[in-house]
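Close look at the chain arrangement
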Amino acid sequence: MSEEAVILEMIDSFLEKDVKPFVQELERKDEYPHKIAEKMMELGLFGATIAPEYGGAGLSVKTYAKIIEKLSEVWISVAGLINTHLVTAAAIQNFGTEEQKKYWLPRMASGEIRAGIALTEPDGGTDLQAIRTRAVRDGDDYVVNGSKIWITNVIYGQILALLVKTDPEARPRHKGMSLLIAEKGEGMTVSKMEKLGYLGIDTCEIGYDNFRVPAKNLIGGVEGQGLKQILSGLELGRINVAARGVGLARAALNESVAYAQIRKAFGKPIVEHQAIAIKLADMATRVEASKHLVYAAAEAYEQGKKCDMEASMAKLYACEAAVTNSIEAMRVHAAYGYSKECNIERYYRDAPLLIIGEGTSELQRLLIARNLVERNPA
Ligand SMILES: Cc1cc2nc3c(=O)[nH]c(=O)nc-3n(C[C@H](O)[C@H](O)[C@H](O)COP(=O)(O)OP(=O)(O)OC[C@H]3O[C@@H](n4cnc5c(N)ncnc54)[C@H](O)[C@@H]3O)c2cc1C
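What follows deals with the overall build of the chain. Scanning the chain from N- to C-terminus turns up 11 helices and 9 strands. For the chain, whose C-alpha radius of gyration is 21 Å, the value lies close to the compact-globule estimate of 21 Å for 378 residues. Accessible area of the chain: about 16,700 Å², with a carbon and sulfur share of 53%. Across the chain, 46 positive and 50 negative side-chain charges occur, with their mean positions spaced 3 Å apart.

What follows is the structure in structure tokens.
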């Protein structure tokens, strides 16, 4: 058995024993899955893509994507627990000083420290360069003022990769952006947001009022590199979200295939009505196509190639597939799919997050088109 097969088998048994029996209840109460997170620490999942020299498992991104697919077939919130954490770790690993890597990565790999990414603001989501949160150097610290919105993994995490403006007048605008490793503390207010899906895991609004971050926590020790640093981490994040799309699309498919064979209408199982059979065929094809796009992006990432186009294609296609498959699964299940007893209702609420977070589908299309021109100049 390959190492990957052993890991995936371990994930299957974790999901059967430690996740599946608890999802409905945690979802209903919108309660943070503490026990699941502890088990994920034991399994080393918080260090999945962190290099072994810094205490991580150093898994290939393709194996990581397969793990995320499996987690998301059961509950996308579980995959969300490690996504922003590993995006932050990737930014530190790719751009941090040796001192920063040695200080943060081993404790992140064990899960003792969990991370989120604080990029989005009330006036800057897709257009990240429009952010207004300001960090001003004061002695050995930066003093941060501003606000962030829609930030996941804040309440039960310890640090955030915090995107700030260190020079708001800089042109082009990204030259004035920096990335800080910010530990939670005085001067920071956090309030949990109410949302449609992606429950269990917290998403928050944050206010910064003269919040201090040690200057030694500036990633790479150089100002003006923040956007580049976080975008490189987001390539991994997009592969994670795309793999979540594959998992959710597959869960919607599998439950539809099962239900269509037992539910009868007009004297026969509904799968024998062509209108339903055709839906299942299209759903399955979407899952397969998405999976291959995700693996291609993961392989390009692994080879250290520029893979923003591959990651965007995977994210665009797999996340749209998840939305379409969740709606199609609702049609196949009809009223039963609308019931809180049925997982389809959850997939239908969870899937739209995937076409928003880590860059909307519209943004992915823009990135793909930009790459097409760059790679094929006239
Ligand atoms: C549940 C949840 C969790 C999240 N977690 C995090 C997190 O942990 N950290 C974090 O930083 N953020 C997080 N986000 C925020 C998410 O990344 C943003 O919502 C996303 O980037 C889109 O930004 P926006 O919502 O401000 O949309 P907007 O930027 O306001 O976009 C609105 C619409 O305009 C379109 N649009 C914008 N610009 C263009 C353009 N140039 N061309 C064509 N169309 C365009 C968009 O595609 C979209 O359809 C989360 C969001 C959600 C819903």
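On to the packing of aromatic side chains. Inspection of every chain in the model, using the stated rule, returns 4 aromatic pairs. Note on Tyr208 and Phe211: the rings are 4.9 Å apart at their centroids and 45° apart in plane angle, and the pair reads as tilted. Of the two residues examined, Tyr208 and Phe211, each falls in the buried class. The side chain of Arg137 reaches across the aromatic face of Tyr142, ending 5.7 Å from its centre.

Attention now moves to the pairing of strand E3 (residues 141-152). Where strand E2 (residues 134-138) meets E3, 5 bridges bridge the pair, whose relative direction is antiparallel. From the neighbouring strand, Arg134 faces E3, where its bridge partner is Asn145. Count of turn residues in the E2/E3 antiparallel hairpin: 2 residues, of which Gly139 carries a positive phi of about 65°. Across 9 bridges, the pairing between E3 and strand E7 (residues 203-214) is antiparallel. The residue bridging Asp141 from the neighbouring strand is Pro214, located in E7.

Judged by side-chain polarity, Ile155, Tyr156 and Val190 come together as a nonpolar surface patch covering roughly 220 Å² of accessible area. Locating Ile155 in the fold gives a position in the loop between E3 and strand E4 (159-165). Judged by its relative accessible area of 32%, Ile155 falls in the partly exposed class.

The next point concerns the site of the ligand. The environment of the ligand is made up of 18 residues, and the closest members are Ile117, Thr120, Thr126, Trp150 and Thr360. Within the backbone of Leu119, one N or O atom sits 2.9 Å away from an oxygen atom of the ligand. Between the ligand and Thr152, the relevant distance is 2.8 Å, taken from a nitrogen atom to a side-chain nitrogen or oxygen of the residue. Across the complex, the protein chains shield 63% of the 970 Å² of accessible surface that the ligand would expose by itself. Going through the elements one at a time, E3 and helix H11 (361-375) are the ones with two or more residues in the shell around the ligand.

Our focus in this paragraph is the packing of helix H7 (residues 226-262) against helix H9 (residues 308-333). At a minimum axis distance of 8 Å, the contact between H7 and H9 shows a crossing angle of 25°. Between H7 and H9, the angle is such that the two are roughly parallel. Remark: the crossing between H7 and H9 carries left-handed chirality. Its residues assigned to classes, the contact of H7 with H9 comprises 17 nonpolar, 5 polar and 5 charged.

In this structure, Gly146 sits in strand E3. Accessibility expressed as a relative area gives 29% for Gly146, which makes it partly exposed. For the pair Gly146 and Asn210, spaced 64 residues apart in the sequence, the C-alpha separation amounts to 8.9 Å. Residues in contact with Gly146, not counting those within four places in the same chain, are Thr133, Ile206, Gly207 and Tyr208.

This paragraph deals with the pairing of strand E5 (residues 177-183). Most of E5 is tucked away, with 6 of its 7 residues classed as buried. As defined by bridge partners, E4 adjoins E5 across 7 bridges and the pair is classed as antiparallel. When the sheet's bridge partners are listed, Val164 is paired in E5 with Ser178.

Thresholds applied
Residues numbered from 1 in each chain as written. Predicted model: local features only at pLDDT ≥ 70, side-chain atom pairs only at ≥ 80, totals over all residues. Heavy atoms only, no water. Helix = DSSP H or I, 4+ residues; strand = E, 2+ residues; numbered from the N terminus. Rg over C-alpha atoms; globule rule 2.2 N^0.38 Å. Areas by Shrake-Rupley, 256 points an atom, 1.4 Å probe, with all protein chains shown as cover. Lys, Arg positive; Asp, Glu negative; His and termini not counted. Charge placed at Lys NZ, Arg CZ, Asp CG, Glu CD. Phe/Tyr/Trp six-rings, centres within 6.5 Å; stacked < 30°, edge-to-face > 60°. Buried < 20%, exposed > 50% of the residue type's maximum accessible area, 1.4 Å probe, protein only. Lys NZ or Arg CZ within 6 Å of the ring centre and 35° of its normal. Pairing = 2+ DSSP bridges. Patch = residues over 30% accessible without salt bridge, like charges linked within 9 Å, V, L, I, M, F, W, Y side chains within 5 Å. Salt bridge = Lys/Arg side-chain N within 4 Å of Asp/Glu carboxyl O. Near = heavy atom within 4 Å. Polar contact = N/O pair within 3.5 Å; in protein donor to acceptor, adjacent residues only side chain to side chain. Axes fitted to C-alpha atoms, helices over the stretch in contact; angles between N-to-C directions. Parallel < 35°, antiparallel > 145°, perpendicular 65-115°, else oblique. Left-handed = near helix turned anticlockwise from the far one by under 90°. Nonpolar A, V, L, I, M, F, W, Y, C, P; charged D, E, K, R; others polar. Contact = heavy atoms within 4.5 Å.

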